[in-house]
Amino acid sequence: KDEVRELGIALGIDEASVWRHPFPGPGLAIRILGEVTAERCAILQQADAIMIEELHKSGHYRMIGQAFVVLLPVKSVGVMGDGRTYENVACVRCVETTDYMTADFYHLPYEVMGNMSSRIINEVRGINRLCYDISSKPPATIEWE
């Protein structure tokens, strides 16, 4: 990947494209465990956009090999204002790797995780709990499906 990025820069390809994290071939739906609906796709897109924005703001985006949000087929009780909610659980996955054959979870600072969690839970209707995946590859894979 490093050689490809160097070549991309040498060819004049814009940095945002050169440094963009890999996207799964099957598409975004691979990151929705359980039923795939238009509503769940929209929820995942919003959460993923906030996560990526927070990685850029904190200066961690380029240090991470791949980062994304997974929408889980699990709901959780929460509290918003004066009422209880029963909404989706999502999980952030950030890994560092040199070859994508092996990977370790990225040690994201708690402050960045806290900002992501606060923003996603407060800004994305449909998520009320956010987890962080600390699995290595192997035995886990980078993607969840």
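Throughout this description, residue numbers start from 1 for each chain and increase along the sequence as written. Reporting of local features is limited, given that this is a predicted model, to residues whose pLDDT is at least 70; pairs of side-chain atoms are given and counted only at 80 or more, and all residues count toward the totals for whole chains, interfaces and linings. Only heavy atoms go into the side-chain values, all of them from the structure, while hydrogens and water stay out.

Before we go on, may I ask you to explain unusual backbone geometry in this structure?
Cis geometry marks the peptide bond from Lys-137 to Pro-138, where omega comes out at -15 degrees. Among the structural elements, Pro-138 can be located in the segment after β4 (127–132). Residues Pro-138 and Pro-139 are joined by a peptide bond in cis, for which omega reads 10 degrees. Put simply, DSSP marks the helices as runs of H or I at least four residues long and the strands as runs of E at least two long, and each gets a number from the N terminus on. Structurally, Pro-139 can be placed in the segment after β4.

I would appreciate a short explanation of a nonpolar patch on the surface in the present structure.
Exposure above 30% relative accessible area and the lack of any salt bridge qualify a residue for a patch; like charges then connect within 9 Å, and the nonpolar side chains Val, Leu, Ile, Met, Phe, Trp and Tyr within 5 Å. For the accessible areas, the method is Shrake-Rupley and the probe is 1.4 Å, while residue cover comes only from the protein chains on display. When a carboxyl oxygen of Asp or Glu lies within 4 Å of a side-chain nitrogen of Lys or Arg, that pair is called a salt bridge. A contiguous nonpolar surface patch, about 300 Å² in accessible area, is contributed by Leu-7, Leu-11 and Ile-13. One can find Ile-13 in the loop between α1 (2–10) and α2 (15–18).

Which parts of the structure should I look at to understand the packing of helix α3 (residues 38–58) against helix α4 (residues 110–123)?
Relative placement of two packed helices is described by the angle separating their axes and the distance separating the axes. A fitted line through C-alpha atoms represents every axis, and for helices the fit uses only the stretch in contact; the resulting angles, taken between N-to-C directions, go from 0 to 180 degrees. Two elements in contact, α3 and α4, have axes separated by 10 Å at closest approach and are oriented at 150 degrees. Classed by the angle they form, the pair α3 and α4 counts as roughly antiparallel. Handedness of the crossing formed by α3 with α4: right-handed. Two secondary-structure elements touch here, α3 through Gln-46, Ala-47, Ile-50, Met-51, Glu-53, Glu-54, Leu-55, Lys-57 and Ser-58 and α4 through Val-112, Asn-115, Met-116, Arg-119, Ile-120 and Glu-123. Residues of the contact of α3 with α4, tallied by class, amount to seven nonpolar, three polar and five charged. Note that the term roughly parallel is reserved for angles under 35 degrees, roughly antiparallel for angles over 145, roughly perpendicular for angles of 65 to 115, and oblique for everything else. Handedness of a crossing is defined here by the sense of rotation of the near helix relative to the far one, left-handed for an anticlockwise turn of less than a right angle and right-handed for a clockwise turn. Throughout, a residue-residue contact means that at least one pair of heavy atoms, one from each residue, lies within 4.5 Å. Any residue outside Ala, Val, Leu, Ile, Met, Phe, Trp, Tyr, Cys, Pro, Asp, Glu, Lys and Arg is labelled polar, Gly included; the first ten of those are nonpolar and the last four are charged.

Is there a simple way to explain the layout of surface pockets in this structure?
Unfilled space is identified by rolling a water-sized probe across the atoms. Roughly 220 Å³ of volume is contained in the largest pocket. Within this scheme a cavity is a closed region of a 1 Å grid, computed over the protein atoms alone, that accommodates a 1.4 Å probe without allowing it to escape, whereas a pocket is open but has protein on both sides within 12 Å along at least five of seven lines; lining residues each have an atom within 4 Å of a point. Residue lining of the largest pocket: Arg-20, His-21, Pro-22, Phe-23, Leu-28, Arg-31, Gln-45, Asp-48, Ala-49, Ile-52, Tyr-61 and Ala-67, and that is the complete set. Tallying contributions element by element places α3 first for the lining of the largest pocket, with four residues. By residue class, the composition of the lining of the largest pocket is seven nonpolar, two polar and three charged. Grid points are joined across faces, edges and corners, and a volume is the space filled by probe spheres set on the points.

Mind showing me how you'd approach α4 here?
Note on helix geometry: an α-helix contains 3.6 residues per turn, so any two residues three or four positions apart are oriented the same way. Expected helix span is taken as 1.5 Å per residue step, with the number of steps being one fewer than the number of residues. Over its 14 residues, α4 runs 19 Å from end to end, which matches the ideal 20 Å to within 8%, given 1.5 Å per residue. Exposure categories follow from relative accessible area, calculated using a 1.4 Å probe and restricted to protein chains: below 20% of the type maximum is buried, above 50% is exposed, and the middle band is partly exposed. Listing the buried residues of α4 in full gives Val-112, Met-116, Arg-119, Ile-120 and Ile-121. Residues of α4 that are buried in the fold lie against α3, β1 (66–80), β2 (83–96) and β4.

Explain the nonpolar core here, please?
Grouped burial of nonpolar side chains is what soluble globular proteins tend to show. Side-chain atoms within 4.5 Å are what join buried Ala, Val, Leu, Ile, Met, Phe, Trp, Tyr and Cys residues into a set we call a nonpolar core. In this structure, Met-51, Leu-55, Val-92, Cys-94, Met-116, Ile-120 and Ile-127 are the most contacted members of the largest nonpolar core, which totals 27 residues. Only α3, β1, β2, α4 and β4 provide two or more residues apiece to this core. Ranked by residues supplied to this core, first place goes to α3 with seven residues. Setting aside residues no more than four positions away along its own chain, Val-92 makes contact with Met-51, Phe-68, Val-69, Met-116, Leu-130, Cys-131, Tyr-132 and Asp-133. Core analysis: the next-biggest nonpolar cluster, separate from the first, contains 10 residues, Val-70, Leu-72, Val-89 and Ala-103 among them.

Would you take a moment to explain the environment of Glu-87 for this structure?
Residue position: Glu-87 is located in strand β2. Residues Glu-87 and Val-74 lie 13 residues apart in sequence; the distance between their C-alpha atoms is 8.3 Å. In this view, Glu-87 contacts Val-74, Lys-75, Ser-76, Gly-126, Ile-127 and Asn-128; residues no more than four positions away in its chain are not counted.

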